[in-house]
Amino acid sequence: QVQLVESGGGLVQPGGSLRLSCAASGSSFSDNAMAWYRQAPGKQREWVGYITRDGYTKYLDSVKGRFTISRDSAKNEVYLHMNDLKPEDTAVYYCNRIDSGFHWGQGTQVTVSS
């Protein structure tokens with residue numbers, strides 16, 4: 001089983017920024033399209049965006065222009081840069097293959113509040 005570890009979450013004010021990291025161990029995801037997901041309290045996980053091995057990215061409409069996904073294949077890591085955060089962005093954020101092929105990690109909590 002590939003181990004996914006998300007980090008970088010925290011409490012930020014509306015309009016603030018945060019950078020999340022996802023590190024994988026046990027295997028490489030260099031050849032996989034990697035995605036970020038989030039799960040708000042009482043809701044199911046939803047797809048946020050993804051990045052392919054050649055760098056193509058796509059995002060949920062509500063985060064376009066605010067979130068940026070990048071990856072460092074050498075480090076086997078993927079990142080989510082979040083700007084202009086809004087209260088509705090509050091959720092536990094997870095990373096995984098776009099097909100959810102890896103075991104889910106613990107996620108990292110992002111709370112946007114005044």
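First things first, this report covers the structure right here in the doc. Because the structure is a prediction, the values reported are computed rather than measured.

## Examining the overall build of the chain
Piece 1. When you go through the chain residue by residue, the secondary structure sums to zero helices and 10 strands.
Piece 2. Ordered by position from the N terminus, the helices and strands of the chain form the series β-β-β-β-β-β-β-β-β-β.
Piece 3. Projected onto its principal axes, the C-alpha coordinates of the chain cover approximately 40 × 25 × 20 Å.
Piece 4. Counting the 114 residues in the chain, one finds 41% classified as buried.
Piece 5. For the chain, contacts bridging at least 24 residues in sequence account for 52% of all contacts bridging at least 6.

## Quick word on the pairing of strand β3 (residues 18-25)
Piece 1. Pairing analysis gives five bridges linking strand β1 (residues 3-7) to β3, with the strands arranged antiparallel. When the bridges of β3 are listed, L4 appears paired with A24.

## What about the sheet that holds strand β8 (residues 77-82)?
Piece 1. As summarised here, the arrangement of the four strands in space is β1-β3-β8-β7, forming an open sheet in which the pairing is antiparallel. Only two strands of the sheet have a single neighbouring strand rather than two, namely β1 and β7 (67-72). On average, each strand axis in the sheet is inclined to that of its neighbour by 15°, with strand direction left out of account.
Piece 2. In this sheet, β8 lies alongside β3 in antiparallel orientation, the contact comprising six bridges. The residue bridging A23 from the neighbouring strand is E77, located in β8.

## Regarding the environment of N96
Piece 1. Following the sequence through the fold, N96 ends up in strand β9 (residues 91-97).
Piece 2. Sequence separation of N96 and N32 is 64 residues, and the distance between their C-alpha atoms is 9.6 Å.
Piece 3. Sequence-distant contacts of N96, that is, excluding residues within four places in its chain, are made with L4, A33, M34, A35, Y37, G101, F102, H103 and W104.
Piece 4. Within the local environment of N96, its side chain forms a polar contact with the backbone oxygen of F102, the two atoms lying 2.9 Å apart.

Cut-off values and rules
Residues numbered from 1 in each chain as written. Predicted model: local features only at pLDDT ≥ 70, side-chain atom pairs only at ≥ 80, totals over all residues. Heavy atoms only, no water. Helix = DSSP H or I, 4+ residues; strand = E, 2+ residues; numbered from the N terminus. Buried < 20%, exposed > 50% of the residue type's maximum accessible area, 1.4 Å probe, protein only. Contact = heavy atoms within 4.5 Å. Pairing = 2+ DSSP bridges. Axes fitted to C-alpha atoms, helices over the stretch in contact; angles between N-to-C directions. Polar contact = N/O pair within 3.5 Å; in protein donor to acceptor, adjacent residues only side chain to side chain.

Everything listed here is a matter of geometry and, on its own, says nothing about what the molecule does.
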